[in-house]
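# Report on the structure
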Amino acid sequence: DQQVKQNSPSLSVQEGRISILNCDYTNSMFDYFLWYKKYPAEGPTFLISISSIKDKNEDGRFTVFLNKSAKHLSLHIVPSQPGDSAVYFCAASAMVLGSARQLTFGSGTQLTVLP
Amino acid sequence: DTGVSQDPRHKITKRGQNVTFRCDPISEHNRLYWYRQTLGQGPEFLTYFQNEAQLEKSRLLSDRFSAERPKGSFSTLEIQRTEQGDSAMYLCASRTLYGGQHNEQFFGPGTRLTVL
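Numbering of residues starts from 1 in each chain and follows the order in which that chain's sequence is written. For naming, the first written chain is A and the first written ligand is 1, with later ones following in the order written. In keeping with the predicted nature of the model, local features appear solely for residues at pLDDT of at least 70, side-chain atom pairs appear and are counted solely at 80 or more, and the whole-chain, interface and lining totals rest on all residues. Where side-chain values are given, they derive from all heavy atoms of the structure, hydrogens and water being excluded.

### A few points about the layout of surface pockets
To keep things clear, this is the line we draw: Buriedness for pockets is judged along seven lines, at least five of which must meet protein on both sides within 12 Å for an open set on the 1 Å grid over protein atoms alone, while cavities are sets there where a 1.4 Å probe fits but cannot get out, and lining residues have an atom within 4 Å of a point. Grid points are joined across faces, edges and corners, and a volume is the space filled by probe spheres set on the points. By the criteria applied, helices consist of DSSP H or I runs no shorter than four residues and strands consist of E runs no shorter than two, each listed in order from the N terminus. Under the grouping applied here, Gly and all other residues not named as nonpolar or charged are polar, the nonpolar ones being Ala, Val, Leu, Ile, Met, Phe, Trp, Tyr, Cys and Pro and the charged ones Asp, Glu, Lys and Arg.
What the largest pocket holds in volume is close to 680 Å³. Contributing to the lining of the largest pocket are 25 residues, with A:Asp1, A:Gln3, A:Leu103, A:Thr104 and B:Phe45 lying nearest its centre. Of all the elements in the fold, those that place two or more residues in the lining of the largest pocket are strand S9 (86-94) and strand S10 (104-105) of chain A together with strand S5 (44-50) and strand S6 (53-57) of chain B. In terms of residue class, the lining of the largest pocket is made up of nine nonpolar, 10 polar and six charged. As a volume, the second largest pocket reaches approximately 410 Å³. Of all the secondary-structure elements, those providing two or more residues to the lining of the second largest pocket are S9 and strand S11 (109-114) of chain A. In terms of residue class, the lining of the second largest pocket is made up of nine nonpolar, 10 polar and three charged.

### Quick word on the pattern of salt bridges
Residues and elements named next belong to chain B. Short version of the rule: Salt bridge, as used here, is a side-chain nitrogen of Lys or Arg placed within 4 Å of a carboxyl oxygen of Asp or Glu. Relative accessible area decides the class of each residue, using a 1.4 Å probe on protein chains only: under 20% of the type maximum gives buried, over 50% gives exposed, and in between gives partly exposed.
Taken as a whole and assessed by the stated rule, the structure comprises six salt bridges over all chains. Asp 86 serves as the salt-bridge partner of Arg 64, at 2.8 Å between the closest nitrogen and oxygen. Placement of the pair is Arg 64 in the loop between S6 and strand S7 (65-68) and Asp 86 in the loop between strand S8 (75-79) and strand S9 (88-95), with a sequence separation of 22 residues. Residues Arg 64 and Asp 86 agree in their burial class; the two are buried. One salt-bridge network, in which partners are shared between bridges, spans Arg 64, Glu 83 and Asp 86.

### What about the environment of B:Lys14?
Residues and elements named next belong to chain B. Rules: Contact between two residues is taken to exist if any of their heavy atoms lie within 4.5 Å; hydrogens are not considered.
Considering the arrangement of structural elements, one finds Lys 14 in the loop between strand S2 (10-13) and strand S3 (19-24). Considering only alpha carbons, one finds Lys 14 and Ser 62, 48 residues apart in sequence, at a separation of 19 Å. Those residues in contact with Lys 14, other than ones at most four positions away along the chain, are Thr 82, Val 115 and Leu 116.

As structure tokens, this is what we get:
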């Protein structure tokens, strides 16, 4: 039972264009959502997050949108750069009293930005 | 470098052997997590420490797995009688007690285990 799903294993975009990565979730208890970027042979690196009380959060070229009614979030990268080529993971955590606040990850999307 | 470190980075072992991995979290972080990542999947939660106390374990953590965090600093993850299905990347992450501005966890580079 995958609680966080990234249905696109890969995405290719041209340098300078917009990259849109999508993520769906099923657990209504999730109240915090994060995006991580991962290069080969490295651990995941935090990129941007959003609380469930918001619908948008922006940080430079990166914007995350949250649609709670659809249980859907997306990461927009504008403009895309070749250095953005990596695997992007969507992750979520639930606020349950006494919980570990562990992250539940999607399976990732390999983004390739073509020069 | 004050990030999360893990040792070793790679481990190749034969089926049936025991292996131990070490994680050194960011020094002021109370919370420490272990995750496992297999090919084509995202990391999956294994276990969680708050200081030296192991407070949560995933059902993925079989009896052959044990983790410790003596004195609330570094942590070790031991796998006894390794099986080929244990081959994966083992990731350690840490964070402050209240999550900071973004509620994020900081990950180490991982230990890649190959069981032959």
